[in-house]
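Residue-level listing of the chains:
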There are 2 protein chains.
Amino acid sequence: MTSENKNKSGVSRRGFLAGMGIGAGAGVLAGGGGVAAYSAETDSTGEDSSISFRDAHQAGIVTAQQEHLHIVAMDVLTEDRDELIDMLATWTTMAERMTQGLPAADESGESDYAVPTDSGEAQDLGAKNLTVTVGYGPSLFDDRFGLKNSKPAQLNPLPTFPSDQLKDELCDGDIVIQACADDPQVAVHAVRNLVRAGSGVVEVRWSQLGYGRASSTTTEQATPRNLFGFKDGTRNIHSSETEAVDDFVWSDEAGWMNGGSYLCARRIRMLLELWDRQNLGEQQATFARFRKSGAPLGTEDTDDQEFAEVPFDLIYGREPVIPEDSHVFLSHPENNGGARILRRAYNFIEGSDTFGHLSAGLFFIAFAGKPEETFIPIQMKLSRNDRMNEYVRYESKAIFACPPGLKEGQDWGTQLFG
Amino acid sequence: MTSENKNKSGVSRRGFLAGMGIGAGAGVLAGGGGVAAYSAETDSTGEDSSISFRDAHQAGIVTAQQEHLHIVAMDVLTEDRDELIDMLATWTTMAERMTQGLPAADESGESDYAVPTDSGEAQDLGAKNLTVTVGYGPSLFDDRFGLKNSKPAQLNPLPTFPSDQLKDELCDGDIVIQACADDPQVAVHAVRNLVRAGSGVVEVRWSQLGYGRASSTTTEQATPRNLFGFKDGTRNIHSSETEAVDDFVWSDEAGWMNGGSYLCARRIRMLLELWDRQNLGEQQATFARFRKSGAPLGTEDTDDQEFAEVPFDLIYGREPVIPEDSHVFLSHPENNGGARILRRAYNFIEGSDTFGHLSAGLFFIAFAGKPEETFIPIQMKLSRNDRMNEYVRYESKAIFACPPGLKEGQDWGTQLFG
């Protein structure tokens, strides 16, 4: 997966875009003439980096995971199919511009008497590897818009998982936008301006900020830690594993979903105060990994053992060293018919709840080409038996079909509605 | 203000700490022997940077503003003065360690049967310019701990500001900890571990994450934008303005507060959806600055005019170009007897509220040596007349006396209680 063109030259966005020539930008720079790119004045490194918007697959899936997430699920208000199609076309133009570090729309001719088309808070920040990924929920394929026959094969509402403690208002949605960037304000700006442009057509159902990358999608990224202090996603699919990516991430079904992926989301509240009172042995038994190195129990607690084989057969006394209710035991491919998922999780913290406890956790996002063979059965096992369930609350579930990447000249409206 | 020693050499924390020699760390590295610094494996730049904990003033006030904030206010539960003193001593040791990129306590001898002293999630992240700043609220100086006679002169509960819409549970507190760092997980880790160490002695009253720096405290930092899209804090005091820092930031009163500063906090919810419907002219009249450049109205809308004199006397037609209800008019030093405050504000976004609106705003922190002459009268004027009040809600108020920096061998307990 080398589908991304990065600009790490250290030149300004303005210089970068000029250097690209007109061709690459011409499709989106409406109005011509006075279009100025944001300059990344406040970028302390003097560098900016952007990710191609158009490709065989959408960006934001196998893309090297950015530091910040703002994801928003919306319900469609309008019953007018054309309004929806128009909005998706507008979103495409805006999203493509913003991923290039441009304002959401060309503002060069706007007067003081007009409401600005761009909210302005990302003006000096550059592209910051922004990706904008769109997906559609099962409910969009009801009777409203004539989409019934184009519903992807595995786009069904997620089942009820036994230990869930769902908040309905945080679940599901007709459309999702996942914005990821290396600056939180850039991700927020993208979501905010798409939501503004959808005013009257869609309304926000839920949204979630994630401030800390909690998985790695490339071998260059070290495995980050979750708020339990453990490395999270050691066995993640990395973009360089092209065969695994093809097998487990991209949908191979016929129709518009071919080359797309299912976004499966779970908001997992982590009961940090409870966790913080457990001894290290219990914490490590819950994951079946050493906290310090991430190495599986039964191996050496050293950094070079993080990716070691998990010794499922090792017995200590009369018990397996890898407990059968541990997170690793239940979710490991070896115990799931080889099934793997692409994790793209983010930590979140939202201040304190009414008990003074940190309102914090993991916003878990997985991308799967066949969720009914991978994500769903693994979640079901975890929900039934995971020792970690004592320390977490699954507060939401949602699934969305993310279409493949856009061809030149195509937009999200024409892609979905043909 | 050149009080900070930075390490930007690009070497690992381990190497850096070894290079410092034993002297600098000896006071805090309890237990000796197996102390290992966190290594900053996941720092994409390969650099880490730390800020001195001990100095004439506390770090985190005139320090170059870091990207992320986690601030927590606590109430004291215990009535035992010695428990409080002990906790403040423990906090000092932990805070000093964490600002060096070390775990909160030496874990080298801890067994699997012990609850880990450090929660572990910052293990690979380095110091990331972490500062930990402590302050004490007016309520701490009641009858409980014998502190009545050592209450600083201007440490009084903030007055009621006329347009406030306060949420009591977000106001005030006995003790505040402000943690700032260039990685959100590092700031969160610091607060979390201090709160853990204070279990039974204090309880959390409120806490707030700020994810985007919204002011600049050095001339090297460009003025960042708030969520209204405007540059915020153009007229801020910068650390290089030593005379202004002495006049307006540090307390010159007698006693333990000499060289300290008052932390004044306001949670300002910003009604983004309402703001986003105003035309550019109204938005600019509200601030009395151009959105694009930050230059005052009546000057040129170019970047080099951001710091231009504000033309208060300029008339256009029959109206002043700088409206008398604009934010700049009301808060400018020229209209406040020369009074200035040090701003250290952060943007916040916490997903969506029940209306689907972004729950977002500005967490405003000001440091003042004499808040009754600067922060309070300016806030009072703004609360009465600021055109911006239509677009914001002041949801909290709090004031804390932050003591000066710690001398070698001193801790926050001995500093406050003598």
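Above this note sits the structure.
Residues numbered from 1 in each chain as written. Chains lettered and ligands numbered in written order. Predicted model: local features only at pLDDT ≥ 70, side-chain atom pairs only at ≥ 80, totals over all residues. Heavy atoms only, no water.

Draft legend 1. Local environment of the overall build of chain A. In terms of helices and strands, chain A carries 10 helices and 13 strands. Going through the 418 residues of chain A one by one, you find that 61% of them count as buried. By sequence separation, contacts in chain A at least 24 residues apart represent 78% of the contacts at least 6 residues apart. A total of about 15,500 Å² of accessible surface is found on chain A, and carbon and sulfur atoms cover 49% of it. (Helix = DSSP H or I, 4+ residues; strand = E, 2+ residues; numbered from the N terminus. Buried < 20%, exposed > 50% of the residue type's maximum accessible area, 1.4 Å probe, protein only. Contact = heavy atoms within 4.5 Å. Areas by Shrake-Rupley, 256 points an atom, 1.4 Å probe, with all protein chains shown as cover.)

Draft legend 2. Summary view of the interface of chain B and chain A. Counting residues at the interface gives 54 residues for chain B and 54 residues for chain A. Buried area between chain B and chain A, both sides added, is near 4,300 Å², and the carbon and sulfur share of it is 49%. Sorting the residues of chain B by area buried against chain A places Arg192, Asp276 and Arg291 of chain B first, and these three jointly supply 14% of that buried surface. The interface formed by chain B and chain A holds eight salt bridges in total. We note a salt bridge from Asp276 of chain A to Arg196 of chain B, for which the minimum N-O separation is 3.4 Å. (Buried area = accessible area lost by both parts, 1.4 Å probe. Salt bridge = Lys/Arg side-chain N within 4 Å of Asp/Glu carboxyl O.)

Draft legend 3. Broad picture of the relation of the copies chain B and chain A. Laying chain B over chain A is done by rotating through 180° and shifting 0.0 Å along the axis; what remains is an RMSD of 0.0 Å. Read as a symmetry element, the transformation amounts to a two-fold axis. Across chain B, the rotation axis passes nearest the C-alpha of Glu350 of chain B, at a separation of 3.2 Å. A share of 100% of the interface residues of chain B reappears at the interface of chain A, consistent with the copies meeting face to face through the same patch. (Least-squares fit on C-alpha atoms with pLDDT ≥ 70 in both.)

Draft legend 4. Just the packing of aromatic side chains, in detail. Summed over all chains, the structure comprises 22 aromatic pairs over all chains. Taken together, the ring pairs in this structure connect Phe228, Phe230, Trp275, Phe287 and Tyr391 of chain A into an aromatic cluster. (Phe/Tyr/Trp six-rings, centres within 6.5 Å; stacked < 30°, edge-to-face > 60°.)

Draft legend 5. Broad picture of the pattern of salt bridges. Inspection of every chain in the model, using the stated rule, returns 44 salt bridges over all chains. In this structure, Glu306 of chain A and Lys231 of chain A form a salt bridge, with 3.4 Å as the shortest nitrogen-oxygen distance. Of this pair, Glu306 of chain A sits in the loop between α7 (280-287) and β7 (315-316) while Lys231 of chain A is found in the loop between β5 (212-213) and α5 (242-248), placing the two residues 75 residues apart along the sequence. For the pair Glu306 of chain A and Lys231 of chain A, a shared accessibility class is recorded, and that class is buried. Its salt-bridge partner being Arg291 of chain A, residue Glu107 of chain B comes within 3.0 Å of it at the nearest N-O pair. Highlighted residues: Glu107 of chain B in the loop between α3 (81-99) and β2 (131-136) and Arg291 of chain A in the loop between α7 and β7, drawn from two different chains.

Draft legend 6. Spatial organisation of the packing of α3 of chain B against helix α4 (residues 184-197) of chain B. Residue and element names in this part refer to chain B. Where α3 contacts α4, the axes come no closer than 10 Å and their chain directions differ by 155°. Judged by the angle between their axes, α3 and α4 are roughly antiparallel. Considering the relative orientation of α3 and α4, their crossing is right-handed. Every residue of α4 that contacts α3 at Met87, Thr90, Trp91, Met94, Ala95 and Met98 is listed here: His189, Ala190, Asn193, Leu194 and Ala197. Residues belonging to the contact of α3 with α4 are distributed by class as follows: eight nonpolar, three polar and no charged. (Axes fitted to C-alpha atoms, helices over the stretch in contact; angles between N-to-C directions. Parallel < 35°, antiparallel > 145°, perpendicular 65-115°, else oblique. Left-handed = near helix turned anticlockwise from the far one by under 90°. Nonpolar A, V, L, I, M, F, W, Y, C, P; charged D, E, K, R; others polar.)

Draft legend 7. Spatial organisation of the environment of Arg205 of chain B. Residue and element names in this part refer to chain B. Following the sequence through the fold, Arg205 ends up in strand β4 (residues 202-210). On the basis of relative accessibility, which here comes to 33%, the residue Arg205 falls in the partly exposed class. It is 23 Å that separates the C-alpha atoms of Arg205 and Thr117, two residues lying 88 residues apart in sequence. In contact with Arg205, not counting residues within four places along its chain, are Ala73, Met74, Asp75, Asp168, Glu169, Cys171, Asp172 and Gly173. A polar side-chain atom of Arg205 sits 2.6 Å from the main-chain carbonyl oxygen of Cys171. (Polar contact = N/O pair within 3.5 Å; in protein donor to acceptor, adjacent residues only side chain to side chain.)

Draft legend 8. Quick peek at the side chain of Thr217 of chain B. All names here are of chain B. Relative to the elements of secondary structure, Thr217 occurs in the loop between β5 (212-213) and α5 (242-248). Within the structure, Thr217 has its side chain in polar contact with the backbone oxygen of Thr63 (distance 2.8 Å). With sequence-adjacent residues up to four places away left out, Thr217 is seen in contact with Ile61, Val62, Thr63, Ala64, Gln65, Asn236, Ile237, His238, Ser239, Leu342, Arg343 and Arg344.

Draft legend 9. Quick peek at the pairing of strand β11 (residues 358-368) of chain B. Residue and element names in this part refer to chain B. Burial runs high along β11: 11 of the 11 residues are buried. The pairing of strand β6 (residues 261-270) with β11 spans eight bridges and is antiparallel. The residue of β11 that forms the bridge with Cys264 is Ala366. Relative to β11, strand β9 (residues 342-343) runs antiparallel, the two being bridged by two bridges. What sits directly across from Leu342, in β11, is Phe367. Note that strand β10 (residues 346-352) and β11 share five bridges and pair antiparallel. Bridged to Asn347 within β11 is Leu362. The antiparallel pairing of β10 with β11 creates a hairpin that spans five residues between the two strands, and Gly356 there sits at a positive phi of about 80°. (Pairing = 2+ DSSP bridges.)

Draft legend 10. Main features of helix α3 (residues 81-99) of chain A. Residues and elements named next belong to chain A. Compared with the 27 Å implied by 1.5 Å per residue over 19 residues, the 27 Å span of α3 between its first and last C-alpha is a close match. Looking only at α3, the buried set comprises Leu84, Ile85, Met87, Leu88, Trp91, Thr92, Met94, Ala95, Glu96, Arg97, Met98 and Thr99. Between the side-chain oxygen at the start of α3 and the backbone nitrogen of Asp82 there is a gap of 2.8 Å, and the oxygen is on Asp80. Where α3 ends, the next residue or the one after it, Gly101, has phi of about 80°, a positive value. (Expected span 1.5 Å × (residues − 1).)

Draft legend 11. The environment of Asn347 of chain B, seen in detail. Relative to the elements of secondary structure, Asn347 of chain B occurs in strand β10. With 134 residues separating them in the primary sequence, Asn347 of chain B and Arg213 of chain B have C-alpha atoms 6.5 Å apart. For Asn347 of chain B, the residues in contact, after removing those within four places along its chain, are Gln185 of chain A together with Gly210, Tyr211, Gly212, Arg213, Ala214, Arg225, Asn226, Leu227, Gly361 and Leu362 of chain B. Separated by 3.2 Å, the side chain of Asn347 of chain B and the backbone oxygen of Arg225 of chain B make a polar contact.

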